[in-house]
Amino acid sequence: MPESYLNLRSTEEWSGVWWLPDRPDKQVPGTLHYAPNGTLTLTLIGGFEDGLFDPEIEGRITSHDERTSWKAIWGAVRNQELTILDCISVASQRRLSSAPNTPERQTILATSALIGSHTHNENETVFSQCEISVENLNQWAASPAFTFSWELLSDGRPNGHGGIEVAPPEEPSVDIHHAKWTLAHVLTLPTIDYFRGSTVARTSETAIVRVTPDQPCTLNDALRFTRLLQDLVSLATHRAAGVIWLRLTIPAARSSEDNNFHILNRDVNVLYSPARVGIDNEKEVEPHRVFFTCQDLPFTTILPRWIELHERLLAASNIILGLRYAPAEYVENNLLTIVSAAEVLHRELKLGKQPIPNEAFKTMRDSMLDQIPNKHHPRPKGNIRNKSTLRERLHDIVNLLDPSVVAELIPDVKTWARNTAIARNSLAHEGKTPGKPPEELMAIVNSTTAILLFVVLDNLGLSTQKQRKVARDHPNFRAIAQQSQKWLSDPRG
């Protein structure tokens, strides 16, 4: 991997001078530390006025509880520009004799860092391109750069001759919302390492996604692009995909006199704490556990669909994928979460219809309220609603899928919908689920999650045949079907 990419899993530090953008005259020496958990800590020898202490009054120094924060702090390390954003002072040490509000040592935490540029905030439009690497992207891209060959003897044994051929794959691109998305590949030239006990030849391929907006974008835009890709690969591989690195580009400056570029493009590495930090040197997800790749749904097809679906079903997709990134430890929390996702999805897809026509419902409600004293109207009026029940909404969602797919996941839809509604209502209104053991609650969570996932896949255009294959062959869904058969099926048939 080229050195210009800064892995989020690495441990790094930069020692130099630091200052506030509006106070370049006051530079303070210090070191920025980055830890793999996304923590950015700036330790200064000296510090910035933080307002935590009042000047000496009657021989005393008064401390405030408030923490001072700065939108940005700039640094310079070995002729390299650095910016840390959303900074807060967490510790300041000072002597009684020091200048008012000026610490001798200061510790500052930041939420993100830009290695290679000075910017004022995360909404400054300065970047012409961003390149993103997430876990299992090579597997999802399904466009390998390597081919292998072996020569065999007449008896079928290798004769020792073989080869590895490297050929850059095609790089499909698609324009979406004034930005060009490209599935690209970074290749390294073959190298040979001579060790005392062996000789090793190596080369590498890294699939990345390059986003080039029509107009300069912000750091927040780049983080949004990254999250879109991260969520798509997480959905496709059925495993939370961590961000491995994010690199931005500042375009070359143009001379006003001769209209020529006089400096090169600058690469800017971003350090921050995504929903999950990726690991680049572990085995990729097994092929039989992947829902779909770019061979099933081409990059130029799936990406526009995903971005449109993500915008249309934002809340529901966030809840569903949130369980993938950080599932709750207690089944009751997961139950409430996934059923909420089902209700949100039902609403966002505009499923179902009012059980009773509006005019008829209004007449019925007014007739019921006529039997109640006026002073008690607010409570029953708020509880009499013309909306589908949870059980009806679950049936509406299941009906979006082909029955053959549903049969692979939930053998008894009626019992699943009934038990799910009973469990959620009992937990939400009574704080407990009498008569339902944890195993049944887990079956409800897993079955409901599976249905919602397949609704999303169906909306993305995954064929019924492919859905059926995933439901039948994927180890997780085979286990869910067995679990559903045991706990969510009516023994009376």
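## Re the overall build of the protein
Now for step 1: The helix and strand tally for the protein stands at 13 helices and 17 strands.
Now for step 2: For the protein, with 493 residues in total, the buried portion stands at 45%.
Now for step 3: By sequence separation, contacts in the protein at least 24 residues apart represent 68% of the contacts at least 6 residues apart.
Now for step 4: Total accessible area on the protein is roughly 26,400 Å²; 50% of this is exposed by carbon and sulfur atoms.

## Considerations on the pairing of strand S2 (residues 28-34)
Walk down a regular strand and you will see the side chains alternate between the two sheet faces.
Now for step 1: Of all 7 residues in S2, 5 are buried; the element is thus mostly enclosed.
Now for step 2: The sheet contact formed by strand S1 (residues 12-19) and S2 spans 7 bridges and is antiparallel. Of the residues in S2, the one forming a bridge with Ser15 is Thr31.
Now for step 3: In this structure, S2 lies alongside strand S3 (residues 40-45), joined through 5 bridges in antiparallel fashion. In the sheet register, Thr31 faces S3, and the bridge partner there is Thr43.
Now for step 4: Between S2 and S3, which pair antiparallel in sequence order, lie 5 residues; one of them, Gly38, sits at a positive phi of approximately 95°.

## Observations concerning helix H8 (residues 390-398)
Now for step 1: Within H8 the residues assigned to the buried category are Leu390, Arg393, Leu394, Ile397 and Val398. One side of H8 holds all its buried residues, which, seen down the axis, span an arc of 140°.

## Remarks on the pattern of salt bridges
Now for step 1: Summed over the entire model, instances satisfying the criterion amount to 20 salt bridges.
Now for step 2: Here Asp193 and Arg202 are joined by a salt bridge, their closest N and O atoms 2.0 Å apart.
Now for step 3: The exposure class of Asp193 is partly exposed, given its relative accessible area of 26%.
Now for step 4: Its relative accessible area of 43% is what places Arg202 among the partly exposed residues.
Now for step 5: As a salt-bridge pair, Lys466 and Asp296 come within 3.9 Å of each other at their nearest N and O atoms. Of this pair, Lys466 sits in helix H12 (residues 464-473) while Asp296 sits in the loop between strand S17 (266-272) and helix H3 (299-312), placing them 170 residues apart in sequence.

## Digging into the pairing of strand S15 (residues 205-213)
Now for step 1: Burial analysis of S15 places 7 of its 9 residues in the buried class, which makes it a mostly covered element.
Now for step 2: Alignment of strand S12 (residues 179-187) against S15, held across 9 bridges, turns out to be antiparallel. Note on S15: the bridge partner recorded for Thr182 is Arg210.

## Observations regarding the packing of aromatic side chains
Now for step 1: Scanning the entire structure with this criterion turns up 7 aromatic pairs.
Now for step 2: Relative to Phe299, the ring of Trp140 has its centre 6.2 Å away and its plane inclined at 65°; by these criteria the two rings are edge-to-face. Here Trp140 is found in helix H1 (residues 137-141), whereas its partner Phe299 is found in helix H3, with 159 residues between them in sequence.
Now for step 3: On the basis of relative accessible area, Phe299 is assigned to the buried category, the value being 3%.

## Description of H3
Now for step 1: Between its terminal C-alpha atoms H3 stretches 20 Å, which fits the 20 Å expected from 14 residues at 1.5 Å a residue.
Now for step 2: Among the residues making up H3, those that are buried are Phe299, Ile302, Leu303, Trp306, Ile307, Leu309 and His310.

## Quick notes on a nonpolar patch on the surface
Now for step 1: Nonpolar side chains collect at one region of the surface, where Phe148, Trp150, Leu152, Ile164 and Val166 lie side by side and expose about 580 Å² of accessible area between them.
Now for step 2: Among the secondary structure elements, those contributing two or more residues to the nonpolar patch are strand S9 (146-152) and strand S10 (158-166).
Now for step 3: Ranked by residue count, the leading element in the nonpolar patch is S9, at 3 residues.
Now for step 4: As for its placement among the helices and strands, Leu152 is situated in strand S9.

## Brief notes about the side chain of Glu440
Now for step 1: Take Glu440: it is sitting in helix H11 (residues 438-459).
Now for step 2: By relative accessible area, which is 8% here, Glu440 ends up buried.
Now for step 3: Looking at Glu440, its side chain comes within polar contact range of the side chain of Asn419, at 3.0 Å.
Now for step 4: The residues touching Glu440, leaving out its near neighbours within four places in the chain, are Asn419, Gly435, Trp487 and Leu488.

## Observations concerning the side chain of Glu131
Now for step 1: As for its placement among the helices and strands, Glu131 is situated in strand S8 (residues 129-134).
Now for step 2: Judged by relative accessible area, Glu131 falls into the buried class, the value being 4%.
Now for step 3: Only 2.9 Å separates the side chain of Glu131 from the side chain of Arg210, close enough to count as a polar contact.
Now for step 4: One polar contact links Glu131 to Arg247, side chain to side chain, over a distance of 2.6 Å.
Now for step 5: When residues no more than four places from it in sequence are discounted, the contact partners of Glu131 are Tyr5, Ile208, Val209, Arg210, Trp245, Leu246 and Arg247.

## Notes on the environment of Trp150
Now for step 1: Along the chain, the position of Trp150 falls in strand S9.
Now for step 2: The sequence separation of Trp150 and Gly163 amounts to 13 residues, and the corresponding C-alpha distance is 6.7 Å.
Now for step 3: Apart from the residues lying within four places of it in its own chain, the contact partners of Trp150 are His161 and Gly162.

Rules used throughout
Residues numbered from 1 in each chain as written. Predicted model: local features only at pLDDT ≥ 70, side-chain atom pairs only at ≥ 80, totals over all residues. Heavy atoms only, no water. Helix = DSSP H or I, 4+ residues; strand = E, 2+ residues; numbered from the N terminus. Buried < 20%, exposed > 50% of the residue type's maximum accessible area, 1.4 Å probe, protein only. Contact = heavy atoms within 4.5 Å. Areas by Shrake-Rupley, 256 points an atom, 1.4 Å probe, with all protein chains shown as cover. Pairing = 2+ DSSP bridges. Arc of directions from axis to C-beta. Salt bridge = Lys/Arg side-chain N within 4 Å of Asp/Glu carboxyl O. Phe/Tyr/Trp six-rings, centres within 6.5 Å; stacked < 30°, edge-to-face > 60°. Expected span 1.5 Å × (residues − 1). Patch = residues over 30% accessible without salt bridge, like charges linked within 9 Å, V, L, I, M, F, W, Y side chains within 5 Å. Polar contact = N/O pair within 3.5 Å; in protein donor to acceptor, adjacent residues only side chain to side chain.

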